[in-house]
Amino acid sequence: MRIEVLGCSKSGIGTGFLISPTLIATVDHVVTDSVVVSLIDGNQRTTGEVIGSDPTHDLALVRADSPLTGFHFRFATQAPSVGDQVAAIGFPIGDPITLTQGGISGLDRSITVEGQPQSGMIETDAAVNPGNSGGPLIVRDGTVVGLVDALRTDANGIAYAVPAAQAAPAMTSWQRNPRALRSASCQDPTGPTQDTTTLPTIAGLDSDTSVGVTAAFSTYFDGINSGNYASAWNVLSPRLRHGQTSEGFAEGVSTSYDFDETVLSAHQVDATSAKVALEFVSIQEASKGPNGDTCDVWTLVYSMIESGGSWYIDGTKPYRGTSHTACG
């Protein structure tokens, strides 16, 4: 389960795993200070709320807003031994889902994660990277012996996991007595820094137009996602900028994170104008989303114009009559 967080003090991509259709186990530092928690499993997408948090042991439980299908992991009832073979599943550095193999190289280790001392940790030489955090460390029978938690950066082949003996009781307690955490609130939350907007050559446009339009979209969406609203604002045409203030624009998109941009169609009107239909996913604070949504799939036709060698967004309209649908 890929977890993408729109957050205040930090944001990023982490991993979790289903323990029921609506419950996802992960580590606390993945979802700390989250404004929106986005959950992605294959073609399934929804948002969730944190219903259990333990910074002391770096554990968290997320409840999905919509049920998800997929394999339900079980926690191992016996502790692993040094030398046992294990596999780590996750999304290293924001890449697609990855499985790496290794062994248990130590037990009962004490480390510090994000300033918080941790004890009783499992040590493994399975390759993990940022983005793996919260993912399952499994043994041959598929049971979870730990949740991937930290990578030692001053050495090779040393990573740590929160043992199942600590995680299982916490998850069971939160299942029985969920304690929903209030979403974080801040002026300019940002999305995962591992992701940048990348669009391929846009079929239907000449090569120069394709390059220019792609650059405009990259600047626009990356500006929104990184909190650099001025750069996104400057991709709007003079006509659109005249119709609103930069402060109003920034306020409107200040909790948004847009990703998975896909070109649906494109048409070159002439040398200085084009129509490009895009589909993308946007997560945002409920107060900023349509109908109180925290996650929507948008389908919009962008009117693009060229001026002075740069391309600008000059308007949008719904694609085939529909502008957005709630994720789920």
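Residues numbered from 1 in each chain as written. Predicted model: local features only at pLDDT ≥ 70, side-chain atom pairs only at ≥ 80, totals over all residues. Heavy atoms only, no water.

The helix and strand inventory of the protein stands at six helices and 18 strands. The C-alpha atoms of the protein give 22 Å as radius of gyration, which agrees with the globular expectation for 328 residues (20 Å, within 12%). Overall, the C-alpha framework of the protein stretches about 70 × 40 × 35 Å when taken along its three principal axes. Within the span of the protein, comprising 328 residues, buried residues form 52% of the whole. Of the contacts made within the protein by residues no fewer than 6 positions apart, 61% connect residues no fewer than 24 positions apart. Here the protein has roughly 14800 Å² of accessible surface; of this, 49% comes from carbon and sulfur atoms. The centroid of the 17 positive side-chain charges in the protein is displaced by 5 Å from the centroid of its 34 negative side-chain charges. (Helix = DSSP H or I, 4+ residues; strand = E, 2+ residues; numbered from the N terminus. Rg over C-alpha atoms; globule rule 2.2 N^0.38 Å. Buried < 20%, exposed > 50% of the residue type's maximum accessible area, 1.4 Å probe, protein only. Contact = heavy atoms within 4.5 Å. Areas by Shrake-Rupley, 256 points an atom, 1.4 Å probe, with all protein chains shown as cover. Lys, Arg positive; Asp, Glu negative; His and termini not counted. Charge placed at Lys NZ, Arg CZ, Asp CG, Glu CD.)

Okay, the sheet that holds strand S4 (residues 23-26) next. With antiparallel pairing, the seven strands of this open sheet are ordered in space as S2-S1-S5-S6-S7-S4-S3. Single-partner strands in this sheet number two, and they are strand S2 (12-15) and strand S3 (17-20). The sheet shows a mean angle of 35° between the axes of neighbouring strands, taken without regard to direction. Here S4 pairs with strand S7 (residues 59-64) via four bridges, running antiparallel. For Thr26, the partnering residue across the bridge sits in S7 and is Ala60. Relative to the sheet, helix H2 (residues 164-176) contacts S3, S4, strand S6 (44-54) and S7, its axis offset from that of S7 by approximately 40°. (Pairing = 2+ DSSP bridges. Axes fitted to C-alpha atoms, helices over the stretch in contact; angles between N-to-C directions.)

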